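# Structural overview for review
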Amino acid sequence: MCTDWYQGVISTSGCVPPSQGYQGLVDGGDNIKEATWESVSMMLQLGGTVIGSARCQDFRTREGRLKAARNLVKRGITNLCVIGGDGSLTGADTFRAEWSSLLAELVKVGGITAEEAKKSSYLNIVGMVGSIDNDFCGTDMTIGTDSALHRIMEIVDAITTTAQSHQRTFVLEVMGRHCGYLALITALACGADWVFIPESPPEDDWEDHLCRRLTETRVGGSRLNIIIVAEGAIDKHGKAITSDDIKNLVVKRLGYDTRVTILGHVQRGGTPSAFDRILGSRMGVEAVMALLEGTPDTPACVVSLSGNQAVRLPLMECVQVTKDVTTAMNEGRFDDALKLRGRGDGVPLNPTTPPTLAPSSPQSGYTLAVLNVGAPAAGMNAAVRSTVRIGLIHGHRMLAVHDGFEGLAYGKLEEISWERVGSWTGLGGSKLGTKRTLPKKYFEEISTSISNFGIHGLIIIGGFEAFTGSLELMEGRAKYEELCIPLCIIPATVSNNVPGSDFSIGADTALNTITTTCDRIKQSAAGTKRRVFIIETMGGFCGYLATMAGLAAGADAAYIYEEHFNIHDLQVNVEHLTEKMKTTVKRGLVLRNERCNENYTTDFIFNLYSEEGKGIFDCRKNVLGHMQQGGTPTPFDRNFGTKMGAKAVAWITGKIKECSRHGRIFANTADSACLLGMRKRSLVFQPITDLKEQTDFDHRIPKEQWWLKLRPILKILAKYNIELDTSEKAHLEHVTRKRISLESNI
């Protein structure tokens, strides 16, 4: 959902969402209606908030909260789910704290009966954070932020082409009055020359530094400059830095043709991204579970995202830390504000000035080579760009290997410069070229290339072949000493089937491609009525794309290899769709992973549904094919690739130094060849030999996959009567508060 905030109410007897947020609670009447399965069935792909949102002054008063309490009690509502920012969540906590006194006052004035007050004696509250600014402490990502980044990057990519054509400088202003997240991630995702954010004001001589940087970029051959500024950007003295100020500076000092684009409310609109749809669905389930488990003694909590995990945090603790950030910024304690925002991503970048110019770092004497292996995936180029530039910052000589392991064997290597990778972040596919060829039959040639080019470390960006190929290189160490160099694998594949990582670069882009296609197909089905679409997705034996696209697009079923199904299951699905056609939602969507079953092919399922649905619904099929590997990378994949490349270089630099003896590199231990992966809440380096036991090599998938636990949610949301596994509950945790005393700051 791409929205700033809205409120929903969940009662013990059903879901009753008020329209117009808290104003709907205060006004009551038709503003509070019971939601049915059908009434919310077409909401998933809609931006904004269907049930409405409003800033409510009445709810700020006790009189307004009395009216809201009466409206809830009269409808038997005792559980409230609030989706909004810190102001909305603070209001919800105040409402809960006053609940007993509000009921007592209502009984006293005859607004409700004593019996009604007894039935509604306590109010449970759970919050979900909906804000495009991602400014709420306690969660890694708020609902709506990823969609806003999609809107921003669509515009930035379009502006980049015109800026290159006319040799222009563009100043782009994005939202973020008190938080620079959108501006910072946009700058990383588009390779901006400079970024201004509220939490990290530039030095006093920033004007000179900015002009020098823009000039050197143009001298280096660039035909454009991009400057990103958050709407709340300030200098160290609290003075606002506006987009017009920056434009006037560039025009006056450099004479560059400069344009300002203020994105404004376009960032709030549009269709929600796949990430936001899945995030909203997961957080919604967790919120309901928290409400059902709530007691009068349970503190109000907010459901948050930590890494890849749903967590529950004390609501007011999160609100307080968020307010502490603003206080720190108002007092000029900007370092404290950055620390209070939460843990960093481990990317060694100055947030005010992304390193877009070649550094004059002392040479390390080490040479790193980077290559792509396997099928192309959007975001590979962003990872290569980050690897090359961070490597140069470390003082390394950077080599680009063309065409994977085969290119490494045949000597297709070249030294790659800072400027060469400048525009790679937003490009899909693989600029280096990539092949599925494994290295085992080329050990001698690869060893010769490593020796001839003086390579001290390899960073391998790719899919399952990158993993298995690296294992082969480790096996070859016994015979070829040249292979005894540190290796780091960065997972990059649309299939998301590499062991050791919850996510792979490229999977988010593919997922959004599938989701967008499903949206258009559903529109077609909604127009013609009584139509079911069978869609085949990629992924090999891995059902990640089919499952997550099913969640994001609101599919009725998703067939995957990991979850066995038979003819009876297919019959149940047909009967389910038959019943669905009797409702107002007269369309169906079924996804099938390409290798889920060798007998139940896409054609077989299409023919089965067509035959069994005769007279009730008709069928169409669509094989999406390689369109899932193409397209420009999403903001998530650009940012993820940038982070992974930076962390990989930092790790391999340390490992080379660790394995250096008398001027020679000898790395022959298990921990000298690692895979960098996202595991639950953090990015971790894992020896690839340790991952062998976790891998099903026959089917090229990990033996355990986190997303399989989301399968029941897909079925429940499709209205199948199944049980949800609640064995793993998100227990209440606490925000890590980094308080720095005033004395230590002086």
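Residues numbered from 1 in each chain as written. Predicted model: local features only at pLDDT ≥ 70, side-chain atom pairs only at ≥ 80, totals over all residues. Heavy atoms only, no water.

In plain terms, the rule: UniProt positions are given in the numbering used here, feature names are shortened, and annotations may be inferred rather than shown by experiment.
In the nomenclature of an unreviewed UniProt entry, the protein chain is known as 6-phosphofructokinase of Buteo japonicus. UniProt, in the comment section headed Catalytic activity (unreviewed entry), describes the protein chain in these words: "beta-D-fructose 6-phosphate + ATP = beta-D-fructose 1,6-bisphosphate + ADP + H(+)". Quoted verbatim from the Pathway (unreviewed entry) field of the UniProt record, the comment on the protein chain reads "Carbohydrate degradation; glycolysis; D-glyceraldehyde 3-phosphate and glycerone phosphate from D-glucose: step 3/4."

### Focus on the packing of aromatic side chains
Threshold: Aromatic rings from Phe, Tyr and Trp, taking only the six-membered ring of Trp, are treated as a pair when their centres fall within 6.5 Å; an angle between ring planes under 30 degrees marks them as stacked, one over 60 as edge-to-face, and anything in between as tilted. Secondary structure follows DSSP: runs of H or I at least 4 residues long count as helices, runs of E at least 2 residues long count as strands, and numbering of each begins at the N terminus. Only protein chains enter the area calculation, which uses a 1.4 Å probe; residues under 20% of their type maximum are buried, those over 50% are exposed, and those in between are partly exposed. Should the NZ of a Lys or the CZ of an Arg lie within 6 Å of a ring centre and within 35 degrees of the ring normal, that charge is described as sitting over the ring.
Inspection of the entire model under this criterion finds 20 aromatic pairs. Plain terms: the ring middles of F464 and F467 are 5.9 Å apart, the flat faces sit at 65 degrees to each other, and that makes the pair edge-to-face. Taken as a pair, F464 and F467 lie in helix α15 (residues 464–476) at a separation of three residues, close to a single helical turn. Among the residues examined, F464 registers a relative accessible area of 3% and is labelled buried. Residue classification places F467 among the buried residues on the basis of a relative accessible area of 0%. Within the aromatic cluster, the residues linked to one another by ring pairs are F275, F503, F636, F640 and W706. The positively charged end of R218 is found above the aromatic ring belonging to Y256, 4.3 Å away from the centroid.

### Observations regarding the packing of helix α2 (residues 62–74) against helix α3 (residues 86–109)
Rules: Axis definition: a line fitted to C-alpha atoms, over the contacting stretch in the case of helices. Angles run 0 to 180 degrees between N-to-C directions. With respect to orientation, any angle under 35 degrees is reported as roughly parallel, any angle over 145 as roughly antiparallel, any angle of 65 to 115 as roughly perpendicular, and every other angle as oblique. Residue contacts are counted whenever heavy atoms from the two residues lie within 4.5 Å of one another. Each residue is assigned to one class: nonpolar for Ala, Val, Leu, Ile, Met, Phe, Trp, Tyr, Cys and Pro, charged for Asp, Glu, Lys and Arg, and polar for all the others, Gly among them.
Close contact between α2 and α3 brings their axes to 9 Å; oriented N to C, the two are set at 80 degrees. As the angle between them shows, α2 and α3 are arranged roughly perpendicular. Residues R62, R65, L66, A68, A69, R70, L72 and V73 of α2 form the contact with α3, whose participating residues are T94, F95, E98, W99, S101, L102, L103, E105 and L106. Looking at the contact of α2 with α3, its residues break down into 10 nonpolar, two polar and five charged.

### Here's the deal with the nonpolar core
Our working definition: Throughout, nonpolar core names a set of buried Ala, Val, Leu, Ile, Met, Phe, Trp, Tyr and Cys residues whose side chains join them through atoms within 4.5 Å.
I459, I461, Y544 and M548 are the most contacted members of the largest nonpolar core, which has 89 residues in total. Looking at which element gives the most residues to this core, the answer is helix α20 (residues 635–658), with nine residues. Apart from residues no more than four positions distant in its own chain, Y544 is found in contact with S495, N496, F503, A507, L511, W706 and W707. Core analysis: the second largest hydrophobic core is formed by 34 residues, I32, A68, V82 and L103 among them.

### A few points about the environment of V266
You can see V266 is positioned in the loop between β8 (258–262) and α9 (274–293). Owing to a relative accessible area of 40%, V266 belongs among the partly exposed residues under this scheme. If near-sequence neighbours (up to four positions away) are discounted, V266 is found in contact with R151 and I155.

### Here's the deal with unusual backbone geometry
Its identity is not glycine, yet Q167 carries a phi of approximately 50 degrees, on the positive side. Looking at where Q167 falls in the secondary structure, it is placed in the loop between α5 (145–166) and β5 (169–174). The exposure class assigned to Q167 is partly exposed, which follows from its relative accessible area of 40%.

### A word on the packing of helix α10 (residues 315–330) against helix α11 (residues 334–341)
Rules: Less than a right angle of anticlockwise turn of the near helix away from the far helix marks a crossing as left-handed, whereas a clockwise turn marks it as right-handed.
Packing of α10 against α11 brings their axes to within 8 Å, and their N-to-C directions diverge by 165 degrees. When the interaxial angle is binned, α10 and α11 end up roughly antiparallel. For the pair α10 and α11, the crossing hand works out as left-handed. Where α10 approaches α11, its residues V321, D324, V325, A328 and M329 are matched on the opposing element by F334, D336, A337, L340 and R341. Broken down by class, the residue content of the contact of α10 with α11 amounts to seven nonpolar, no polar and three charged.

### Quick word on the environment of H626
Along the chain, H626 turns up in the loop between β20 (618–623) and α20. Its relative accessible area of 61% is what places H626 among the exposed residues. Sequence separation between H626 and A510 is 116 residues, and the spatial gap between their C-alpha atoms is 9.7 Å.

### Section: the pattern of salt bridges
Cut-off, in case you're wondering: When a carboxyl oxygen of Asp or Glu is within 4 Å of a side-chain nitrogen of Lys or Arg, the pair counts as a salt bridge.
In this structure the tally under the stated criterion is 34 salt bridges. Note that K412 is salt-bridged to D403, the shortest N-O span being 3.2 Å. Judged by its relative accessible area of 36%, K412 is partly exposed. D603 is the salt-bridge partner of K621, the closest N and O atoms lying 2.2 Å from each other. Of this pair, K621 sits in strand β20 while D603 sits in helix α19 (residues 602–612), and the two are 18 residues apart along the sequence. Residue K621 is classed as partly exposed on the basis of its relative accessible area of 41%. Look at the salt bridges and you will find they share partners, linking R62, R65, E98 and E105 into a network.

### Some details on the pairing of strand β24 (residues 682–687)
Selection criterion: Between any two strands, at least two bridges found by DSSP are needed for them to pair.
Where strand β23 (residues 673–679) lies against β24, six bridges are found, and the strand directions are antiparallel. Looking across to β24, one finds that C674 is bridged to P687.

### Quick notes on α2
Selection rule: In a helix, the anticipated span is given by 1.5 Å times the number of residues less one.
For α2, with 13 residues, the first-to-last C-alpha span of 18 Å sits near the 18 Å given by 1.5 Å per residue. Residues G64, R65, L66, A68, A69, N71, L72 and V73 constitute the buried set of α2. G76 occupies a position one or two residues after α2 and carries a positive phi of about 70 degrees.

### What about the side chain of S147?
To keep it simple, the criterion reads: Two N or O atoms count as a polar contact when they lie within 3.5 Å, although within protein this holds only if one can serve as hydrogen donor and the other as acceptor, and sequence-adjacent residues are included solely when both atoms are side-chain atoms.
Mapping S147 onto the fold places it in helix α5. Among the residues examined, S147 registers a relative accessible area of 0% and is labelled buried. For S147, the side chain forms a polar contact with the main-chain nitrogen of S273, separated by 2.8 Å.

### Some details on the confidence of the model for the protein chain
The criterion, for reference: A residue's pLDDT is the confidence the predictor assigns to it, expressed on a 0 to 100 scale.
This prediction gives the protein chain a mean pLDDT of 89; 92% of its residues lie at or above 70. Overall, residues 1–14 carries pLDDT values under 50, and its contacts beyond four positions in sequence, including any with other chains, amount to 82 contacts. Low pLDDT (under 50) marks residues 344–357, which in the prediction has 41 contacts with non-local residues, meaning those over four places away or in another chain.

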